[in-house]
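Okay, here's what each chain looks like letter by letter:
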Amino acid sequence: MNDYLIVDQCKKEIADLKMKLSKIEPECMLYHSTTVENALTLYLLHKPKLVFLEVNLKNENGFELLYRLLELGERPNFAITTKKEAYAIKAIRSSAVDYLLKPVAMEDLRFCLNRIHSIEYEEMEKQRIAELFLKLRTQKRVTIKNRVGFEVIKPEEILFCKADRNYTDIKFVDGSSLTTSTTLGSVVQQLTSKIFFRIGRSAVINLDYLKSVNRKDKQCLLACNNEIYKLPMSPNRVQELSRVLN
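What you see is a predicted model; the values in this text were computed from it and never measured. (Residues numbered from 1 in each chain as written. Predicted model: local features only at pLDDT ≥ 70, side-chain atom pairs only at ≥ 80, totals over all residues. Heavy atoms only, no water.)

Another aspect to go through is the sheet that holds strand E15 (residues 210-214). Spatially, three strands are ordered E15-E16-E17 in an open sheet, and the strand pairing comes out antiparallel. Only two strands of the sheet have a single neighbouring strand rather than two, namely E15 and strand E17 (227-232). In this sheet, neighbouring strand axes are inclined to one another by 20 degrees on average, regardless of whether the strands run parallel or antiparallel. Strand direction decides the pairing type here: strand E16 (residues 219-224) and E17, joined by six bridges, are antiparallel. Bridge pairing in E17 links Leu222 to Tyr229. (Pairing = 2+ DSSP bridges. Helix = DSSP H or I, 4+ residues; strand = E, 2+ residues; numbered from the N terminus. Axes fitted to C-alpha atoms, helices over the stretch in contact; angles between N-to-C directions.)

Its location among the elements puts Lys102 in the loop between strand E7 (98-101) and helix H5 (106-138). For Lys102, a relative accessible area of 14% corresponds to the buried category. Reaching out from Lys102, the side chain makes a polar contact with the side chain of Glu13 at a distance of 2.6 Å. Polar contacts involving the side chain of Lys102 include one to the side chain of Glu54, which spans 2.6 Å. Those residues in contact with Lys102 that sit more than four places away from it in its chain are Asp8, Glu13, Glu54, Thr81, Thr82 and Lys83. (Buried < 20%, exposed > 50% of the residue type's maximum accessible area, 1.4 Å probe, protein only. Polar contact = N/O pair within 3.5 Å; in protein donor to acceptor, adjacent residues only side chain to side chain. Contact = heavy atoms within 4.5 Å.)

Turning to helix H3 (residues 63-71), a few remarks are in order. Every buried residue of H3 is accounted for by Phe63, Leu65, Leu66 and Leu69. Here the buried residues of H3 occupy an arc of 150 degrees about the axis, which is enough to place them on one side. Count one or two residues on from H3 and you reach Gly73, which has phi positive near 85 degrees. (Arc of directions from axis to C-beta.)

It is worth spelling out the nonpolar core at this point. Counting residues in each nonpolar core, the largest one holds 18 residues, and the members touching the most others are Leu5, Val7, Val51, Leu53, Leu65 and Ile80. When residues of this core are traced back to their parent elements, those giving at least two are strand E1 (3-7), helix H2 (36-46), strand E3 (50-53), H3 and strand E6 (78-82). Residue contacts for Val7: discarding those within four places in its chain leaves Ser33, Ala39, Val51, Phe52, Leu53, Glu54, Leu57 and Leu65. Grouped together as the second largest cluster of nonpolar side chains are 17 residues, Leu17, Leu30, Phe52 and Ala79 included. (Core = buried A, V, L, I, M, F, W, Y, C linked by side-chain atoms within 4.5 Å.)

What follows deals with the environment of Ser33. One can find Ser33 in strand E2 (residues 29-33). When the C-alpha atoms of Ser33 and Lys11 are compared, they prove to be 9.2 Å apart, with 22 residues separating the residues in sequence. Those residues within four positions of Ser33 in sequence are excluded, and the remaining contacts are Ile6, Val7, Asp8, Ile14, Asn38, Ala39 and Leu42. At 3.2 Å, the side chain of Ser33 forms a polar contact with the backbone nitrogen of Ala39.

Pairing is parallel in the open sheet, where five strands are placed in the order E2-E1-E3-E6-E7. A strand with exactly one partner marks an edge of an open sheet, and here the two such strands are E2 and E7. Geometrically, the sheet is characterised by an average inter-axis angle of 20 degrees between neighbouring strands, direction not taken into account. By the bridge criterion, five bridges tie E1 to E2 in an arrangement that is parallel.

Dropping the structure here:
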C-alpha cells in the first residue's frame with residue numbers, strides 16, 4: 001500500500017486528485033495539506049512515496065516545502081501540479097518526477113505513478129547491487145603459507161583445521177588437505193566468520209558441516225561429501241557451542 005501527499009490550496013482540486021488516485025490505486029493512503037508547515041509535518045510523519053505539489057499556495061511558494069525537506073536531509077519524490085506551464089523549467093531543475101497540468105488527466109496520472117514505481121524499483125536494484133559488490137569486495141580471504149610462498153583461500157572452503165605442534169593441518173570441503181607452517185592461532189585470527197568454532201586448543205571446525213556432538217566420547221562429528229570426520233572436543237567447549245548454535 002502506497003502513501004501519497006497532496007499539497008494544494010484548492011480543496012476542490014485536492015478532492016479531484018484524491019478521487020483519481022483512488023481509482024488507480026484503491027488501497028493507497030492519501031494525505032493532503034494547504035500549507036507548507038502542515039505538509040512538512042505530514043511528510044515527516046508518513047514519508048509518502050510521492051508528493052503532488054502545487055507551486056502556488058496561499059501566500060506561500062510550494063518549492064519552500066522541498067527546500068525545507070532537503071535541509072532536514074530528506075530526498076522527497078514529487079510531481080508538480082499546476083495550471084501554469086511557467087514552472088516547468090524550475091520543476092525539471094528541481095528533479096521533479098513529473099509535471100502535471102491541471103486538471104490532471106487520468107492517463108497522465110497513471111504515467112506519473114508508473115514512473116515513480118519504476119524509479120523506486122531501480123533504486124532498490126541499485127542498492128541491492130551496491131550491497132552485493134560491497135560484500136564481495138570485503139569478503140575475507142585466508143592467507144596460508146606453503147613451501148614456495150603462500151595460498152589465498154576462501155574461508156568457506158575450509159572444513160576444519162587441526163594443530164600439529166608448530167604446524168597446522170587444514171582439511172578442505174573438497175577432500176583435499178594442506179599442511180602449513182602457519183600456527184593454528186594465526187589461522188584462527190583470520191577466520192572471523194561466525195561459521196567457525198574452536199572446539200579446543202588444537203582444532204577449529206566449520207559449523208556448516210557439524211553433524212553431532214558426543215559428550216561421553218568428548219568428540220564432535222563433521223559430515224561432508226558422504227565422509228564422517230571425528231575430532232576431539234574439550235568438555236568446556238560443549239556448553240559454549242550449544243550457546244552459539246542457539
